[in-house]
Amino acid sequence: MNVNDSEVILSVLQDNGYALTEDIEEADVILANTCSIRDNAEQRIWGRIDQFKIQKKKRNVVIGIVGCMAERLKDELLKAVDIVAGPDSYRTLPQLLEAVRPDAPQINVLLSHEETYADISPVRMDKNGISAFISIMRGCNNVCSYCIVPYTRGRERSRDAHTIVREAQELWANGYKEVTLLGQNVDSYNWEGQDGNVNFAQLLEMVAAVNPGLRVRFSTSHPKDISDEVIHTMAKHDNICKHIHLPVQSGSSIMLDKMRRKYDREWYLERVEKIRSVMPDCGITTDVIAGFSGETEQDHQATLTLMEQVVFDSAFMFAYSERPGTLASKKYPDDIPYDVKTARLNEIIALQGRMSLKSNEKEIGKVMTVMVEGPSKKNKEELCGRASSNKMCVFPSRGEQPGDICQVIVDSVTSATLICRRLD
Ligand code: SAM
Ligand code: SF4
């Protein structure tokens with residue numbers, strides 16, 4: 001999401017005469033697009049600000065912090081940098097840059113109920129030119145008790161469906177072969193157009209119809225909201241990739257209630273069952289938080305048993321990081337000792353390693369349709385690319401280019417990769 005936001009920022013700035021440089025020594029303006037989701041993300045940015053200040057000592061350079069950390073820390077950051085701009089204020093960056101003076105730093109952290117940057121064509125910063133992000137909504141209305149996002153990104157708003165389709169059409173016309181629709185909770189996408197509402201399943205259909213050759217992915221799904229209609233729509237279209245990122249956070253219904261996730265263990269398992277009954281080969285990945293407030297050993301074990309039951313393909317796994325201002329920071333003490341949290345996280349990571357291997361082993365002998373991303377990192381004679389399920393495949397090259405489609409058969413696996421031979 002931040003990559004896509006940076007692309008929006010670049011578009012706004014290019015329209016105002018700025019150009020991108022990858023060389024920090026050459027830059028007149030340095031902007032860091034930031035994340036506040038966990039404390040360590042913010043700590044890294046403080047480190048970067050110190051590096052930027054070294055540049056400032058050498059020459060007259062403007063330093064700006066944009067995104068969630070700008071929104072969260074506001075005036076505190078303004079003491080350290082020249083520009084502070086929140087996620088809804090990117091259109092005003094040219095004015096902020098115009099107004100900034102050594103003794104007059106500039107700030108805009110107003111959150112909006114409407115801003116979706118719908119009319120801005122992001123300037124793609126990816127290198128391969130085949131895969132692009134499309135933001136379909138902004139903000140979040142689910143106040144999960146541990147999460148800072150609703151405070152930094154504001155209320156949920158859905159972007160005009162026609163501008164989303166137009167962006168996908170433009171990408172296809174420019175040679176892109178894959179789009180990923182982005183939102184904090186894509187299942188609650190609901191755009192009210194003049195000719196009626198468009199929900200997420202309908203939006204998926206509209207984007208899939210842009211071209212049968214365009215692969216469509218999306219993230220993130222919320223277990224409480226993912227509907228049968230979305231699952232059936234995915235199944236109906238070959239070009240909608242069969243992968244759902246479905247963050248569970250915990251396997252304990254007590255923790256889920258305290259996290260305010262609005263589903264319990266049974267509900268989550270039922271959704272997984274439903275997905276697999278309609279799309280048996282659908283990839284399912286997740287996010288897990290270890291050591292949330294009051295988590296007992298029994299709660300932790302419930303997370304492990306759920307992971308064993310579901311056998312996720314992969315997972316993002318985090319130690320709980322208390323975020324100031326969230327409901328949990330006010331109501332629930334961050335009371336799991338650091339070493340217990342770390343031990344639980346390590347156990348979760350180790351188990352997921354075994355589950356990823358198990359999930360991959362099931363693919364041996366199966367045929368995969370893979371979109372080439374480029375040469376494999378380990379062997380230039382081989383290519384790598386993702387199957388519909390989002391699993392990474394490695395296979396011998398016959399000179400194909402990024403974006404080409406190959407049919408392969410899985411020979412052997414590691415926990416991270418399917419090692420394949422050519423079928424064609
Ligand atoms: N909107 C998505 C959802 O609800 O699943 C995910 C949003 S968040 C950017 C990505 C992940 O960060 C979450 O799924 C959660 O696992 C993790 N996360 C959020 N707040 C956290 C916190 N305070 N401490 C640790 N991990 C956190
Ligand atoms: Fe945060 Fe929950 Fe919204 Fe995801 S759904 S962004 S975890 S508040």
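All figures in this text were calculated on a predicted structure; none of them were measured in a lab. (Residues numbered from 1 in each chain as written. Chains lettered and ligands numbered in written order. Predicted model: local features only at pLDDT ≥ 70, side-chain atom pairs only at ≥ 80, totals over all residues. Heavy atoms only, no water.)

Draft legend 1. Layout of the overall build of the protein chain. Looking only at helices and strands, one finds 13 helices and 19 strands in the protein chain. Its C-alpha atoms give the protein chain a radius of gyration of 22 Å, near enough to 22 Å, the size a compact globule of 424 residues would have. Structurally, the protein chain occupies a C-alpha span of about 65 × 55 × 50 Å along its principal axes. The 424 residues of the protein chain split such that 53% are buried. Long-range contacts, defined here as pairs at least 24 residues apart, represent 71% of the contacts in the protein chain between residues at least 6 apart. (Helix = DSSP H or I, 4+ residues; strand = E, 2+ residues; numbered from the N terminus. Rg over C-alpha atoms; globule rule 2.2 N^0.38 Å. Buried < 20%, exposed > 50% of the residue type's maximum accessible area, 1.4 Å probe, protein only. Contact = heavy atoms within 4.5 Å.)

Draft legend 2. View of the site of ligand 1. By nearness alone, 15 residues border ligand 1, and Gln184, Pro247, Gln249, Asp287 and Ser321 come closest of all. Residue Arg261 places a side-chain N or O atom 3.0 Å away from an oxygen atom belonging to ligand 1. Here a nitrogen atom of ligand 1 sits 2.7 Å away from a polar atom, N or O, in the main chain of Ser321. Contact with the protein chains removes 89% of the 560 Å² of surface that ligand 1 exposes when unbound. Those elements that place two or more of their residues in the shell around ligand 1 are strand 13 (283-290) and strand 14 (314-319). Partitioning the shell around ligand 1 into residue classes produces seven nonpolar, four polar and four charged. (Near = heavy atom within 4 Å. Polar contact = N/O pair within 3.5 Å; in protein donor to acceptor, adjacent residues only side chain to side chain. Areas by Shrake-Rupley, 256 points an atom, 1.4 Å probe, with all protein chains shown as cover. Nonpolar A, V, L, I, M, F, W, Y, C, P; charged D, E, K, R; others polar.)

Draft legend 3. Main features of the side chain of Glu363. As for its position among the elements, Glu363 is in the loop between helix 13 (338-361) and strand 15 (367-375). In this structure, Glu363 is in contact with Met368, Lys391, Val410 and Leu418, ignoring residues within four places of it in sequence.

Draft legend 4. Focus on the packing of aromatic side chains. Evaluated as defined, the whole model comprises seven aromatic pairs. Here the aromatic rings of Phe292 and Tyr320 are separated by 4.8 Å at their centres, their planes lie at 85°, and the arrangement is edge-to-face. Placement of Phe292 in the loop between strand 13 and helix 11 (297-310) and of Tyr320 in the loop between strand 14 and helix 12 (327-331) is noted, with a sequence separation of 28 residues between them. With relative accessibility at 4%, the residue Tyr320 sits in the buried group. Grouping aromatic residues by their ring pairs yields a cluster made of Tyr146, Phe292, Tyr320 and Tyr332. Between the NZ or CZ atom of Lys177 and the centre of the ring of Trp172, over which it lies, the distance is 5.2 Å. The lysine or arginine in question, Lys258, covers the ring of Tyr332, its NZ or CZ lying 4.9 Å from the ring centre. (Phe/Tyr/Trp six-rings, centres within 6.5 Å; stacked < 30°, edge-to-face > 60°. Lys NZ or Arg CZ within 6 Å of the ring centre and 35° of its normal.)

Draft legend 5. Main features of the pattern of salt bridges. Taken as a whole and assessed by the stated rule, the structure comprises 30 salt bridges. Ionic pairing is found between Lys366 and Glu363, a salt bridge with its closest N-O pair at 3.3 Å. Given a relative accessible area of 30%, Lys366 falls into the partly exposed group. Arg422 is paired through a salt bridge with Glu400; the nearest N and O atoms lie 2.6 Å apart. Of this pair, Arg422 sits in strand 19 (residues 417-422) while Glu400 sits in the loop between strand 17 (392-396) and strand 18 (405-413), placing them 22 residues apart in sequence. With respect to class, Arg422 is no different from Glu400; both count as buried. (Salt bridge = Lys/Arg side-chain N within 4 Å of Asp/Glu carboxyl O.)

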